[in-house]
Amino acid sequence: MKNQRVDGLLVSISKDTFKFDHFEKLNSFNIPVVFFDRIPPFRNVHYVASSLESATVKALNYLLKRGHRSIGMINGPKTLYASEERKEGYKQAITFNRLKFDPSLVINCDLTEQGTLDAAEKFLNHKRKPTAIVAFNDYVALFLIKYFKKLNVINSFDILSYANLPIISYLDHPPVASVEQYPYLQGQKAVNILLDLIQRPNAENQAYYHTIVDADLIINDTNE
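The structure reproduced in this document is the subject of the present report.

Reading the values: the criteria
- Residues numbered from 1 in each chain as written.
- Predicted model: local features only at pLDDT ≥ 70, side-chain atom pairs only at ≥ 80, totals over all residues.
- Heavy atoms only, no water.
- Helix = DSSP H or I, 4+ residues; strand = E, 2+ residues; numbered from the N terminus.
- Expected span 1.5 Å × (residues − 1).
- Buried < 20%, exposed > 50% of the residue type's maximum accessible area, 1.4 Å probe, protein only.
- Contact = heavy atoms within 4.5 Å.
- Polar contact = N/O pair within 3.5 Å; in protein donor to acceptor, adjacent residues only side chain to side chain.
- Salt bridge = Lys/Arg side-chain N within 4 Å of Asp/Glu carboxyl O.
- Patch = residues over 30% accessible without salt bridge, like charges linked within 9 Å, V, L, I, M, F, W, Y side chains within 5 Å.
- Areas by Shrake-Rupley, 256 points an atom, 1.4 Å probe, with all protein chains shown as cover.

Things to note about helix H5 (residues 138–150)
Then step 1. With 13 residues, H5 extends 18 Å from end C-alpha to end C-alpha; this agrees with the ideal 18 Å at 1.5 Å per step.
Then step 2. Buried within H5 are the following residues: Asp138, Val140, Ala141, Leu144, Ile145, Tyr147 and Phe148.
Then step 3. Considering only its buried residues, H5 is in contact with strand E4 (71–75), helix H4 (113–124), strand E6 (132–135), strand E7 (158–162) and strand E8 (177–180).
Then step 4. Put simply, Asn137 is the residue that caps the front of H5, since its side-chain oxygen is 3.1 Å from the backbone nitrogen of Tyr139.
Then step 5. Phi for Asn152, located one or two positions after H5, is positive at around 60°.

Shown next as structure tokens:
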């Protein structure tokens, strides 16, 4: 990036990112970096992210309102800050509603189809078999729906997901609700921040941009 003389970078870290030294090198070259969506767990970076923790609280409260008391979560890798946010929101909602938090109902996976199926099997054999499952994103939800349909148990679970991709509206068993994270707005705000950093490269006492885009819970259940 230095040799190509890029003016700045927009970065959404991968699920396998756990080292960030290379981004520090960019700082030493005065190349500004703005993280968006999947962000590192640091305060001294510029970022735009979704309010995943509070959105997860909304999601869990919705499932609890529907009568569920054993709720599973297929979370992402522990290396992702977004996974920790989801877990914290889950714990908040459970404890606020005076239920006991069971860590075995939150399963981390690599977000692949096989990883999702392995998590699903653990739930099917769990002593507190969940009646609702929160999936890390719509792709994980799709893997889950496909598998449960194959086993003919799809009607035994309410599935809730993140991302709210348009494709879920075409499913015969869509997630009952999905967290809308407004990726377009995140991208727009991230670019505006990066352009500001590029235009003011030597601004003194530059505070870090920490921008949170409020997420919404979109209800897909047509009966509500």
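As for the pattern of salt bridges
Then step 1. Across all of its chains, the model carries 6 salt bridges by this definition.
Then step 2. Linking Lys146 and Glu113 is a salt bridge whose minimum nitrogen-to-oxygen distance equals 3.4 Å. Of this pair, Lys146 sits in helix H5 while Glu113 sits in helix H4, and the two are 33 residues apart along the sequence.
Then step 3. Take Glu113: its relative accessible area is 30%, and that puts it in the partly exposed class.

Remarks on a nonpolar patch on the surface
Then step 1. Residues Leu10, Val191, Leu195 and Ile198 make up a contiguous nonpolar surface patch of roughly 270 Å² in combined accessible area.
Then step 2. Among the elements that make up the nonpolar patch, the one with the highest residue count is helix H6 (residues 183–199) (3 residues).
Then step 3. Structurally, Val191 can be placed in helix H6.

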